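Single-letter residue listing:
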Amino acid sequence: MSIVVTGATGALGRLVIEELLTRTAPAGIVGLARDPARAADLQARGVAVRPADYGRPDTLEDVFAAGDRVLLISGNEAGQRVTQHRTVIDAAREAGVALLAYTSVLGGPTATFSLAEEHLATEQALLASGVPYCLLRNGWYHENYTGALATTLKNGAVFGCAGAGRVATAARRDYAEAAAVVLTGSGHENTVYELSGDTAWSMAEYAAEVSRQTGRRIPYRDLPPKEYVARMIEAGMPALGARTAAESDAGIARGELAATPGDLSRLIGHPTTPITEAIADALARLER
C-alpha cells in the first residue's frame with residue numbers, strides 16, 4: 001500500500017510530496033508524472049516515480065494497488081479535465097484504493113464561474129464511483145496574484161474585474177500541507193473540506209499592500225470584463241485563459257471565493273499564511 005500523488009512534477013504535486021516526506025518514509029510514496037525524468041530529484045530521495053498521463057488510460061492501468069491512498073490533482077487542460085479525471089477515478093476503482101482525494105474548488109456546487117463546472121462534474125463522477133473519497137475544495141492561491149508581481153510593478157497597477165469582491169487566498173504550501181494531512185491521517189473518508197485562507201481581502205486592499213511594501217503607488221484598476229480580457233490577450237495570455245480569469249473575477253465579485261470556514265487552518269493545525277507574507281516573499285525573490 002502506498003500514497004500516490006498525481007501530477008508529481010507540478011507546483012502543487014511537488015509541495016505535497018515535500019510535505020509527505022516530513023510525515024512518512026519515502027518508500028511509501030509514489031509520484032505519477034508524464035515525464036518521470038523531471039522528477040529525478042524526487043527519485044534520488046527515495047520516492048518512486050511512475051509514468052502516467054491523464055489523457056492516456058493505458059498508462060494508468062497498473063499504477064494503483066488495493067489499499068492505496070491517492071491524491072488526484074486536477075488537470076490543467078480546460079475542456080478535457082472531466083474525461084481525464086474519470087480515467088483516473090476508474091483506474092482507482094478497479095484497483096480498490098482505500099481513499100481518493102481530489103483537489104476541487106471552494107464552494108463546489110455553489111460556485112457558478114466556468115472554471116468550477118469541470119470540478120463539479122468530477123465530484124459527481126467520484127461520488128458515483130463508490131470509491132472512498134475526500135473532496136479538498138481549494139480556494140485561490142496567493143501565488144495566483146504574487147506570481148504576477150513583476151508584471152504588476154511594470155504596469156504600475158493591479159488590473160482585474162472583481163470589483164469590491166473579496167477572496168480568501170492561502171499559500172499553495174498551505175493547501176499541500178492539508179493534502180498531506182489527509183493522505184497520512186485517518187477518518188477522512190467520504191468527507192468534504194472547504195479550504196481557504198483565514199482572511200479574505202479585496203483587490204484594492206491587495207494593491208494597497210503592494211504599494212505599502214514597495215513604497216510605490218500601485219492602484220487597483222477595475223475594468224469592464226471585456227476590456228480586462230482584451231488586456232490579458234494583448235499581454236500574451238491565450239483567449240480561453242483570459243476569459244476564464246475574467247469569469248473567475250466575476251465569481252469573486254459575487255462573493256463566491258470569500259468564504260473563511262476555517263477548515264484549512266484546522267486541518268494543518270496553524271493559521272494560514274497571510275497575503276502580506278506572500279507579497280514580501282515574492283518581492284524578495286524579484287530582488288535576487
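Residues numbered from 1 in each chain as written. Predicted model: local features only at pLDDT ≥ 70, side-chain atom pairs only at ≥ 80, totals over all residues. Heavy atoms only, no water.

To continue, consider the nonpolar core. Membership of the largest hydrophobic core comes to 58 residues, with the highest contact counts inside it found for Val16, Phe64, Leu71 and Leu136. A total of 8 residues in this core trace back to one element, the largest contributor, which is helix α7 (residues 172-184). If we ignore the near neighbours within four places in the chain, the residues touching Leu71 are Val4, Val5, Thr6, Val16, Ala101, Thr103, Leu136, Ala179 and Leu183. (Core = buried A, V, L, I, M, F, W, Y, C linked by side-chain atoms within 4.5 Å. Buried < 20%, exposed > 50% of the residue type's maximum accessible area, 1.4 Å probe, protein only. Helix = DSSP H or I, 4+ residues; strand = E, 2+ residues; numbered from the N terminus. Contact = heavy atoms within 4.5 Å.)

Turning to the environment of Ala95, a few remarks are in order. Residue position: Ala95 is located in helix α3 (residues 81-95). Since its relative accessible area comes to 21%, Ala95 is described here as partly exposed. Those residues in contact with Ala95, other than ones at most four positions away along the chain, are Phe64, Ala65 and Ala66.

Our focus in this paragraph is the pattern of salt bridges. A full pass over the atoms with the stated rule returns 17 salt bridges. With a closest N to O distance of 3.3 Å, Arg56 and Asp58 form a salt bridge. The exposure class assigned to Arg56 is partly exposed, which follows from its relative accessible area of 45%. With its nearest N and O atoms 2.9 Å apart, the salt bridge here joins Glu256 to Arg254. A residue is classified by how much of its surface remains accessible, and Glu256, at 16% relative accessible area, is buried. Salt bridges sharing common partners tie together Glu19, Arg23, Arg173 and Glu177. (Salt bridge = Lys/Arg side-chain N within 4 Å of Asp/Glu carboxyl O.)

The next point concerns the pairing of strand β5 (residues 99-105). The element β5 is extensively covered by neighbouring structure, given that 7 of its 7 residues are classed as buried. On β5, burial covers both faces: Leu99, Ala101, Thr103 and Val105 on one face and Leu100, Tyr102 and Ser104 on the other are all buried. Taken together, the 4 bridges between strand β4 (residues 69-72) and β5 define a ladder with parallel strand orientation. Bridging across to β5, Val70 finds its partner in Leu100. Traced from β4 through α3 to β5, the parallel crossover comes out right-handed. Looking at chain direction, β5 and strand β6 (residues 133-138) are connected through 6 bridges and run parallel. Bridged to Ser104 within β6 is Arg137. (Pairing = 2+ DSSP bridges. Right-handed = clockwise from strand over helix to strand, strands pointing away.)

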